[in-house]
Amino acid sequence: MAACRRVPLLLLMSVFLYMHPIRGQKSANSVIANTAVRVNIQAQNQAAVPAAVNGGSPVVAASPPRRRTSGWKLAEEGACREDLTRLCQKHSWNNNLAVLECLQDRKEETEIAADCNHLLWNYKLNLTTDPKFESVAVEVCKTTISDIKECAAEERGKGYLVSCLVDHRGNITEYQCNQYITKMTSIVFSDYRLICGFMDNCREDINSLHCGSISTGEKDVHSQGEVIACLEKGLVREAEEQPGAHAIRPDCKKAIMRVAELSSDDFHLDRYLYFSCREDRERFCENTPAGEGRVYKCLFNHKFEEAMSEKCREALTTRQKLITQDYKVSYSLAKACKTDLRKYRCSVDTNMPRAREARLSYLLLCLESASFSHTVSHCCYIEGFSLHLMKCLSSAPLVCQGEIPEIVLHCRGEIEAHCSGLHRKGRTLHCLMRVGRGDMGTIDNLCQKALQTLIQEADPGADYRIDRALNEACESVIQTACKHIRNGDPMILSCLMEHLYTEKMVEDCEHRLLELQYFIARDWKLDPILYKKCQGDASRLCHAHGWNETSEMMPPGAIFSCLYRHAYRTEEQGRRLSRDCKVEVQRILHQRALDVKLDPELQRRCMTDLGKWCSEKTESGQELECLQDHLEELVSECRDVVGNLTELASEDIQIETLLMRACEPVIQSHCHEVADNQIDTGDLMECLVQNKHQKEMNDKCAVGVTHFQLVQIKDFRFSYKFKMACKEDVLKLCPNIKKKVDVVLCLSTTVRNDTLQDVKEQRVSVKCRKQLRVEELEMSEDVRLEPELYDSCKQDIGRLCQNVAFGNAQVIECLKENKRQLTQRCHHRVFKLQEVEMMDPELDFQLMRVCKQMIRRFCTEADAKNMLQCLKQNKNSELMDPKCKQMITKRQITQNTDYRLNPVLRKSCKADIPKFCQSILNKATGDSELEGQVVSCLKLKYADQRLSPDCEDQIRVILQESALDYRLDPQLQIHCTDEISRLCPEEAAAQEQTGQVEECLKVNLLKIKVEGCKKEVLNILKESKADIFVDPVLHTACALDIKHQCAAIPPGRGRQMSCLMEALQDKRVRLQPECKKRLQDRIDMWSYAAKVAPAEGFSDLAMQVMTSPSKTYILAMIGLSVCILFLFGLLCGRMTKRLMQEQKDRWNCPPPTEPHRRGVTQPTVY
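Residues numbered from 1 in each chain as written. Predicted model: local features only at pLDDT ≥ 70, side-chain atom pairs only at ≥ 80, totals over all residues. Heavy atoms only, no water.

J.: Please explain the packing of aromatic side chains as it appears in this structure.
T.: Each aromatic ring pair is characterised by the separation of its centres together with the angle its planes make. If you walk through the whole model with that rule in mind, you get two aromatic pairs. For the pair Y518 and F519, a centre-to-centre distance of 5.2 Å together with 80 degrees between the ring planes defines the contact as edge-to-face. Each member of the pair Y518 and F519 is classed as buried. Summarising the aromatic geometry, the rings of Y790 and F806 are spaced 6.0 Å apart at their centres and angled 75 degrees between planes, so their arrangement reads as edge-to-face. Of the two residues, Y790 is situated in helix α45 (residues 787-800) and F806 in the loop between α45 and α46 (810-817); the sequence distance between them amounts to 16 residues. (Phe/Tyr/Trp six-rings, centres within 6.5 Å; stacked < 30°, edge-to-face > 60°. Buried < 20%, exposed > 50% of the residue type's maximum accessible area, 1.4 Å probe, protein only. Helix = DSSP H or I, 4+ residues; strand = E, 2+ residues; numbered from the N terminus.)

Take a look at the structure:
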């Protein structure tokens, strides 16, 4: 027996009693049965069994009566009758094999008599040594033997034929032959002494390891599978180089591994494991059929369940360790990889000993090398890694010490310091992964490298089930969120990443997933889908000719960096990624955006800045946002990588996975067409900004979109559409300017100057001007998007607008409403902003938002720059929305405070303002507002009828509007606020202003105490003389009379007012009572005004006369006075002339006589 080369002739006599007869083979079964019943029972009557291998004396065996009849049965032997009756069902008593299996597979706590036990063993021994059964094997397995050349060549009569059939039982297709060989093996593996050569090869090792006696008297002969288990444990201790391990002889090692290999098909053949795990098999694998290693795999999968017995767990661990020594110990692996091993010559290496070839690590490395240039069977790939590396990841590292000694060697300090020693279920490795991520302190470089090497060998990206801890933690998530994906598919990990930080994700799965992804992200080859789709692109674009390249010149992260740089190139920019590869690169970028630690380059370059600026930002996505917020303060290398990522996100905002999740409702409602477009060029973010205030917009999405806008203003490159549209214009017109807000200001200033100068060709391109408009509109929505304004007014915002939320231009509106209380610096910025908005009302976010529907109703054809003018013209329409009307009024009040805020007035009165109001301009400073002084000045000149026609038209409109609403007169508000509150509270409280406040002030003119207010009211009275439209109360009262009496008289210059006054004086004309009353009141007011405020000059006096109701009388009296004066002048002139003539004549005439009197010479008379 010692000379046997393989398993001996393990003939089982009664095997075919379990078989159903097969048509055409009845005679064969009869031959087998007849041969079986002629078994020689002579050995059962022998006085002694073979001597014990330990040199002991022969053991006396039970001696049942000699039975040579063909009907001898085990059940008839007295030694076993009692045990048979107690343990086995009666219908099996006639079948020796059934009796043998019943007694052999008894429960562990059930004992059988020693005589029966010994009888059974002698019966099995005689079966294995009877040469007659070889002829039975030849007859039953005739076809199989001819098909298997190795078995056909075996020498007959030495028991080698059946041994060969056992070796090739996986290739046996004949039903009866397969059943025959299977039943035989269950006999032999019940006792190691029945295995050919086992006792001779392992005798010394059994004794050295104290694995128990082979004597039937000292140990239960029937359960001596424990001896094999003891030898297997000794072999494992030697392989792990444990202290005090015994060196097992090579022949015994081979015998042990051979036994393990032959028992890999059916777990019943590993007697120790069978008895250790029998109850566990019923508990966990009840529905798993035996054969092909299925029960082993099932038990391995439940190895760390709490209900698993410790004895079974220990037996399974031992078998797993044997698999690492010889892959053939795993039936499923050997079967799945048989073809690949032969094809790629992974089992032949003449330079290595047999043990080296059989090691699972060698097999995996060989198959991995083959997979780079060939296609390895999927089943082989999965079986290899799942059987070996699942064990490594789901048990303590020492379990795999033979395969990954670096973990134990290099991570010993981390294991003790951070992981509290070794743990099962993969907890130790995941603990080390957390340390490697930096979540639990620092990790040694050697330990980090060992971890990365292990993950590379395990390749859990190909099948997540390899990672037992991840599989258990994420089982519920996979069943709910990823149930549509085939179990074990590489896309499971991507599915889990897509649901990271969602409601379906559980905390434990989240942690395990991030721990694993941290290492996968550092070697892009660990993502099998990316690896497959981008292999050609990496070779073509990144010069990665060999996938195993790992050098300082080409670190693992460099290839992926190269890929994503090419992912977003345009056709003009050169070579781009293939479509499939780009999709995978985008998928990886989306995953990396979830956690800054999943981006190796970002974490490496920004480690210092993360600690300095973002140590308190621990929530998902906060770290990258923090780095973006502190972009200017980052070190240069960190600033570059953060800038590149932000620039990339501006082109494809879907990379911002968390933002996309938060914005899902608004995307589905308003941006689904853009989102469905596979090529995102910044359109999606633009759509989100435009719909930022829709009802579907939630707080998280609004905050995320605003943050992205705030980041964009730091660099114009961060706004993809703006960058692509204006890149050339920026280089030409705004070089060396980086901040987006400065670039926008530079370009918009250029556009404005070109427009004002009426240049033939604008310097800024059309596409840039279009996108510039979009950027300007976006910036008007939030004060924080105007850095200079925000910095100047930050203190005022905290003081005056602390309860006002950012966005929707609400803070800007708050600053406008509290403009008089602002600090000088902030006031100046707000005024400049208003000046820009009044010139271009489309930039007035609040106005455009509140009046959006009214613009569509009234101003669809109006130019954007004339939008406010159009709204003002339709302000009093019955269809005007009240909120919009209120907003228009606010803008009118703003315009009237300073002529510079009214572009139309400024242009129309360009010549009149310096001509009549220069003194006001001289007193004003550049940073101060004029508080309506220039407008008031122009109003007075309008009353004097001294303005140019264009300016007069604009002032008339202002007078008409302010007459209806006193708030549109800044000077009146400044001087009369207290008087209005005292004299006209009800009128001022009215929602609709129709000129009642001014009318109240006019009526109560005598009661006004404040001189400034009184002067303003007198000015109003003066202005009302110039045009009846300026006095809305009078115009309303006299509208019918104007139509009847003054229809032919054009308005303006006081003509219609004079017409009404003449009608009032004409007794033939009957005016409406209300009109007559109002006119009489106006006469009294004007009279009082004339007394209180006399004419300041001749022009003022002439105006008062021309607008006086007694104008005709005054003019007649003046004319009469002039006539009387003229007549008086004529009379006085004649008298004076006669007197002068007489005087002249007197001097010219000679004296009468007495010519010599007094010496006077007398004139000569002719």
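Picking up where we left off.
J.: How do you make sense of the side chain of H430 when you look at a structure like this?
T.: Counting through the fold element by element, H430 comes out in helix α23 (residues 427-437). Look at H430 and you get buried, because its relative accessible area is 2%. Every residue in contact with H430, bar those within four places of it in the chain, is listed here: D467, A469, L470, R512 and E515. (Contact = heavy atoms within 4.5 Å.)

J.: I tried to follow the nonpolar core on my own but got confused; where do I start?
T.: General note: in soluble globular proteins, nonpolar side chains tend to be found buried as a group. Residues L432, C482, L493, L496 and L513 are the most contacted members of the largest nonpolar core, which totals 41 residues. Put simply, the parts of the chain that give this core at least two residues each are α23, α24 (445-458), α25 (468-473), α26 (475-481), α27 (491-498) and α28 (507-520). Per element, the largest residue contribution to this core is seven residues, and it comes from α28. When sequence neighbours within four positions are dropped, the list of residues in contact with L513 reads L470, L493, L496, M497, L500 and M505. Grouped together as the second largest cluster of nonpolar side chains are 39 residues, L209, C252, Y274 and F284 included. (Core = buried A, V, L, I, M, F, W, Y, C linked by side-chain atoms within 4.5 Å.)

J.: Explanation requested: the packing of helix α60 (residues 1011-1026) against helix α64 (residues 1073-1092) in the structure shown.
T.: Describing two packed helices takes the angle between their axes plus the distance from one axis to the other. The interhelical angle for the contact between α60 and α64, taken along N-to-C directions, is 125 degrees, at an axis separation of 10 Å. Considering the angle they form, α60 stands oblique to α64. In this structure, α60 meets α64 at a crossing whose hand is left-handed. Between α60, through K1014, L1018, L1021, S1024 and K1025, and α64, the contact on the second element is made entirely by M1085, W1086, Y1088, A1089 and V1092. (Axes fitted to C-alpha atoms, helices over the stretch in contact; angles between N-to-C directions. Parallel < 35°, antiparallel > 145°, perpendicular 65-115°, else oblique. Left-handed = near helix turned anticlockwise from the far one by under 90°.)

J.: For this particular structure, what's the right way to read the side chain of E1016?
T.: You can see E1016 is positioned in helix α60. An unpaired buried charge is present at E1016: no salt bridge exists, and K1015, the closest side chain of opposite charge, is 6.5 Å distant. With residues up to four places along the chain from it excluded, the contact list for E1016 reads Q971, L972 and H975. (Lys, Arg positive; Asp, Glu negative; His and termini not counted. Salt bridge = Lys/Arg side-chain N within 4 Å of Asp/Glu carboxyl O.)

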